[in-house]
Amino acid sequence: MINLVPHLLAFQQSSSEQTPEGSLFFPPKASNFAAESDWLYNFIFWVSAIAFALTIIATVYFVVRYRKSVSPEPQPSPSHSTKLEVIWSVIPSIFLVIMFWKGFELFVDYRKVPAGAYQIQASGVKWKWTFRYPTGAESEVLHVPMGEPVEILITSKDVLHSVFIPAFRVKQDAVPGRYTKLWFEATMPGTFPLYCTEYCGKDHSAMTTTTVVHETRGEFEEWLKGALNPYEGLTPVQSGELAYTRRGCNACHSNDGSANTAPTFQGLMGLTREFEDGSSLVADRNYILESIVNPKAKVVQGFQPVMLPNGGQDLSDDERDFLVAYINSLKAN
Amino acid sequence: MTNTTPDVHYLNCEKGFKSWFWTLDHKRLGLMYMWSVIAAFILGGIFALLVRMELMQPNMGIEENAALYGWSKELGPANLYNHFFTLHGAIMVFLVIIPGIPAALGNFALPMMLGAKDVAYPKLNRFSYHLWLSGAIFFVLALVTKGLDTGWTFYAPYSLTTDTAVVFATTGAFILGFSSIFTGLNMLVTIHKLRPEGMTWFKMPLFLWAIYATAIIQILATPVIGIALLMLTIERVLGVGIFDPTLGGDPVLFEHIFWFYSHPAVYVMVLPAMGVVSELLANFSRKPIFGYRSIAFSSVAIAIFSFIVWGHHMFVSGQSDLVNVVFSALTFSVAVPSAIKVFNWIATLYKGSISLDTPMWYALSVIWLFGIGGLTGLWLGTLGTDIHLHDTYFVVAHFHFVMVGSAIFAFIGGVFYWWPKMYGVMYNETIAKTGTAIAFIGFNLTFLPQFIAGSKGMPRRYFDYAEEFASYNYWSSIGAMTLGVGLSIALYALLKSLMGQRKAAPANPWGAVTLDWQCTSPPPPHNFDHAPPVDGPYDHELVRWNNDLQGYEPVDPVDGDPNLARMGSAKLA
């Protein structure tokens, strides 16, 4: 028993240590909510562990003490005890009320967005996140400044998704057709995983990105300036290659001829296309442009009409031109 | 040993496929349900093992996944893994755990526990079983056509557009819903109308209270899932605009209608399990259950409260903050009656005379497993912690502890308990207990690491995951294989008891005094030659061990009939 104490202390300690890797049970405590959420978790843990231990000890003791070989007949005992039953209903109830109340208090904090929070829009589409900043910049990685409240306005372009940043202890579903929100204040610089945590189909497990916490507002602004035009200094084909991944086209269209849920881009230009309705044409720039903007207009034979216009993204005209240029560059082997 | 197996009993009185498929005998129906549920459990279990094999190591990409299994192309665009976890969940929920105890064990034992010849509506009972088979056929159709990749929860809009056999599956579940409703209706009326003279409500065995409370939920809640799935199917086929936001619908509406049933459904799973555990603990301690009335009332209380907490599955769905607070508060109301059952069970052991036969191992396991399962619900009902834990592996671990650890372990315990009555044979205790122990260890090893994977942030329904979750997944998969081995050994013990040199079972091997044991093992087709006299269900001093019979006999038989005990008045709460 005595030897357990240092282990128990280490266990308690490790679950509250501030390390980039987190602790035994938790991710790093990287937001204003983490400490409170973890405290509440631990409170419920200890209340439950003690209650559980008591029930198991009593069970084991009774089974051993009253086993048939030493207790061949049951001994007289009360068939009920109102007093005992009241006690073991009231005492747990007190703890339950405390749990509910502490949970409610923390929840109020979770939902009350501080005035003047920095607003970032998050948009989920199968299977990619796009974050849009007040300057108009966009990125697929969430960048935030440390030490200030940040509000994420969330929506989905197609099915249910969910924004989950474990290190921040925040989560909110992305619902198509409405806006939801979450907020946090990052308390630790670094990069932390951001997961989609509402099942959304094939690449649900791959719909992950990261949250980059910039230590100072200045660093964040610096990044933001660069993010405004990610295509700066790139040729149209290079920009197209960047757009191909940034805009999530690569989730369904390969660029190397391999099979996927949508036709490959390799060797597309100049290829004779056969469509579901029996018609066909030779792929040219106009065909590609139409297929981006109105994918259901011409569905290639053997594929399903699932793509949203513009892939569910807000493509700029430039980006469309870049993509066409890039696809044109992908010659057949 | 004196052989008390009757020459003619319900198993051999009529032979041939038709005498089974068209039977009206609740015992035969119970048996068929039992084997059907076990078969479905094995199928669902295979999918679980496929899921755990995929998750054993990280970085198995889609390409490797497809190459490994090779047939993902035929199943359409969706990833094979997504089919595996969906089918695992759907089969287990709709074909195994919801029907499980009420249909298999309830059907077999309940009429006998009432000293009755059969349930109130035997033809409806047979129809319920045929509906189960029909629902199962639709799930098999889904399996062999385009599969299913929506998750067992069918959330829209994904379920509206995925190119998989959604309509077959929703049709199957719709039909299974009616099987469940009719079973509940039958049990409810049977308990109301077929209780014998002298068996007042508070002299019923607690298993009957459990089945009664379950029946209330089955009748009132199941129609709602029927409606939910019907609406989903209509939306998918006709594009009306109920759940599809592009047509003005609301995806969260589906979640509400779905969970309005699916939360009470989990109590359809757990209440009968608690009823079985109450019977086992009372009989293997040779004592009445402590606090009979509390257990009886808490069963009905749980049934009623189960209807007002569904929103706790939706804390981050976008529903309003006020609604979240209300559901959290109400959720805690369900915790108290559940907890007191466990305390009453433990108090039952006090000053008892405890036999550790196989069924008792299961009952005691449930104390551990429901303890963990129920307590971990507290983290999820608490708003402040649920934000972090929702849709992570913490939830997966929680519900497996209650659905498998409590409902399935209790079901298996019930099978081991009533097996001698069902087949008139005893199984090898050593083999059975070995399987049980391995299954218990395997179960814990599978799901305890998942709590930690969840609190560290591993999302649900991921076939690939970050390196930091690797060791938890590895051990969880080892546990799953261990659980599979343990359950296989337990099943083997049962099958072996029917083969070769059978060991005949006495009428009452466990010394129970509920009426189901006051007939031969196996029972005659009509259960009892005379209506058995009735008084207390847990007055164990009315029977005593007879070495010759290797079983218990009545201390004071009626008319010299060894199968009838004259019961004294029991001192009940």
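Criteria and thresholds
- Residues numbered from 1 in each chain as written.
- Chains lettered and ligands numbered in written order.
- Predicted model: local features only at pLDDT ≥ 70, side-chain atom pairs only at ≥ 80, totals over all residues.
- Helix = DSSP H or I, 4+ residues; strand = E, 2+ residues; numbered from the N terminus.
- Rg over C-alpha atoms; globule rule 2.2 N^0.38 Å.
- Contact = placed C-beta atoms within 7 Å.
- Expected span 1.5 Å × (residues − 1).
- Buried ≥ 20, exposed ≤ 12 C-beta atoms within 10 Å, placed from the backbone.
- Pairing = 2+ DSSP bridges.
- Core = buried A, V, L, I, M, F, W, Y, C linked by C-beta atoms within 7 Å.
- Axes fitted to C-alpha atoms, helices over the stretch in contact; angles between N-to-C directions.
- Nonpolar A, V, L, I, M, F, W, Y, C, P; charged D, E, K, R; others polar.
- Parallel < 35°, antiparallel > 145°, perpendicular 65-115°, else oblique.
- Left-handed = near helix turned anticlockwise from the far one by under 90°.
- Domains from an automatic or database assignment.

A. Looking closely at the overall build of chain A. Helix and strand counts for chain A come out as seven helices and 12 strands. Computed over C-alpha atoms, the radius of gyration of chain A comes to 28 Å, more than 25% over the 20 Å expected from 2.2 N^0.38 for 333 residues, which places it beyond the range of a compact globule. Each principal axis of the C-alpha distribution contributes one length, and for chain A these read about 90 × 50 × 40 Å. Look at the contacts in chain A between residues 6 or more apart in sequence, and 63% of them connect residues 24 or more apart.

B. Broad picture of helix 3 (residues 82-111) of chain A. Here helix 3 of chain A spans 42 Å end to end across 30 residues, near enough to the 44 Å set by a 1.5 Å rise per residue. Of the residues making up helix 3 of chain A, those classed as buried are Trp88(A), Leu96(A), Met99(A), Phe100(A), Gly103(A), Leu106(A), Phe107(A) and Tyr110(A). Elements that come into contact with the buried residues of helix 3 of chain A comprise helix 2 (34-65) of chain A together with helix 12 (321-349), helix 13 (358-381) and helix 14 (383-389) of chain B.

C. Expanded view of the pairing of strand 9 (residues 190-196) of chain A. All names here are of chain A. In this sheet, strand 9 lies alongside strand 6 (residues 161-165) in antiparallel orientation, the contact comprising two bridges. Its bridge partner lying in strand 9, Val-163 is registered against Cys-196. When strand 9 meets strand 10 (residues 209-214), the two strands line up antiparallel, connected through five bridges. Note on strand 10: the bridge partner recorded for Thr-191 is Val-212.

D. Expanded view of the pairing of strand 7 (residues 170-174) of chain A. Residues and elements named next belong to chain A. Most of strand 7 is tucked away: five of the five residues are buried. Of the strand pairs in this sheet, strand 6 and strand 7 are connected by five bridges, and their pairing is antiparallel. Along strand 7, the bridge assignment pairs His-161 with Ala-174. Between strand 6 and strand 7, which pair antiparallel in sequence order, lie four residues; one of them, Arg-169, sits at a positive phi of approximately 60 degrees.

E. How the structure looks around the nonpolar core. Formed by 246 residues in total, the largest nonpolar core has its most connected members in Ile91(B), Ala273(B), Val277(B) and Ala410(B). Considering every element that reaches this core, the biggest residue donor is helix 15 (residues 393-423) of chain B, with 21 residues. Every residue in contact with Ala273(B), bar those within four places of it in the chain, is listed here: Ile101(B), Ser406(B), Ala407(B), Ala410(B) and Phe411(B). By size, the runner-up hydrophobic cluster in this structure holds 13 residues, among which are Cys249(A), Phe265(A), Tyr326(A) and Leu330(A).

F. Summary view of the sheet that holds strand 9 of chain A. Residue and element names in this part refer to chain A. In spatial order, the strands read 4-10-9-6-7; together these five strands make up an open sheet with mixed pairing. On the outer flanks of this sheet lie strand 4 (142-145) and strand 7, each paired with one strand and no other. The average angle at which neighbouring strand axes cross in this sheet is 25 degrees, direction not considered. Judged from the four bridges that link them, strand 4 and strand 10 form a sheet pairing that is parallel.

G. Representation of the interface of chain A and chain B in the model. Of the residues lining the interface, 73 residues belong to chain A; the matching set on chain B comes to 77 residues. A total of 15 residues in the side of chain A that touches chain B trace back to one element, the largest contributor, which is helix 3 of chain A. When grouped by side-chain class, the residues that make up the side of chain A that touches chain B number 36 nonpolar, 23 polar and 14 charged.

H. Highlighting the sheet that holds strand 8 (residues 180-185) of chain A. All names here are of chain A. Pairing within the open sheet is mixed, and its five strands lie in the order 3-2-1-5-8. In this open sheet, the two edge strands, each paired with only one partner strand, are strand 3 (138-139) and strand 8. With two bridges connecting them, strand 2 (residues 128-132) and strand 3 associate as antiparallel partners. Note on strand 3: the bridge partner recorded for Arg-132 is Glu-138.

I. The packing of helix 2 of chain A against helix 13 of chain B, seen in detail. Taken N-terminus to C-terminus, the directions of helix 2 of chain A and helix 13 of chain B make an angle of 165 degrees; their axes are 10 Å apart at the nearest point. Classed by the angle they form, the pair helix 2 of chain A and helix 13 of chain B counts as roughly antiparallel. Seen from above, helix 2 of chain A lies across helix 13 of chain B with right-handed handedness. Facing Tyr41(A), Ile44(A), Ser48(A), Phe52(A), Thr55(A), Ile56(A), Thr59(A) and Val63(A) of helix 2 of chain A, the residues of helix 13 of chain B in contact are Leu364(B), Ile367(B), Trp368(B), Gly371(B), Ile372(B), Leu375(B), Leu378(B) and Trp379(B). For the contact of helix 2 of chain A with helix 13 of chain B, the residue count by class is 12 nonpolar, four polar and no charged.

J. Broad picture of the domain arrangement of chain A. All names here are of chain A. For chain A, the assigned domains are domain 1 (18-111), domain 2 (118-228) and domain 3 (236-329). Averaged C-alpha coordinates put domain 1 and domain 2 at centres separated by 35 Å. Facing the nine residues of domain 1 at the interface are 13 residues of domain 2. Residues belonging to the side of domain 1 that touches domain 2 are distributed by class as follows: six nonpolar, three polar and no charged.

K. Up close: the environment of Ser406(B). All names here are of chain B. Here Ser-406 shows up in helix 15. Separated by 137 residues in sequence, Ser-406 and Met-269 place their C-alpha atoms 8.9 Å apart. Not counting residues up to four positions away in its chain, the partners in contact with Ser-406 are Val-270, Ala-273, Val-366, Leu-369, Phe-370 and Gly-373.

L. Here's a closer look at the packing of helix 2 (residues 26-55) of chain B against helix 17 (residues 470-497) of chain B. Residues and elements named next belong to chain B. With their axes 9 Å apart at the nearest point, helix 2 and helix 17 run at an angle of 155 degrees to one another. Between helix 2 and helix 17, the interaxial angle falls into the category roughly antiparallel. Note that helix 2 runs across helix 17; the crossing there is left-handed. On the side of helix 2, the interface is formed by Gly-45, Ala-48, Leu-49, Arg-52, Met-53 and Leu-55, while helix 17 contributes Asn-473, Ser-476, Ser-477, Ala-480 and Gly-484. Residues of the contact of helix 2 with helix 17, tallied by class, amount to five nonpolar, five polar and one charged.

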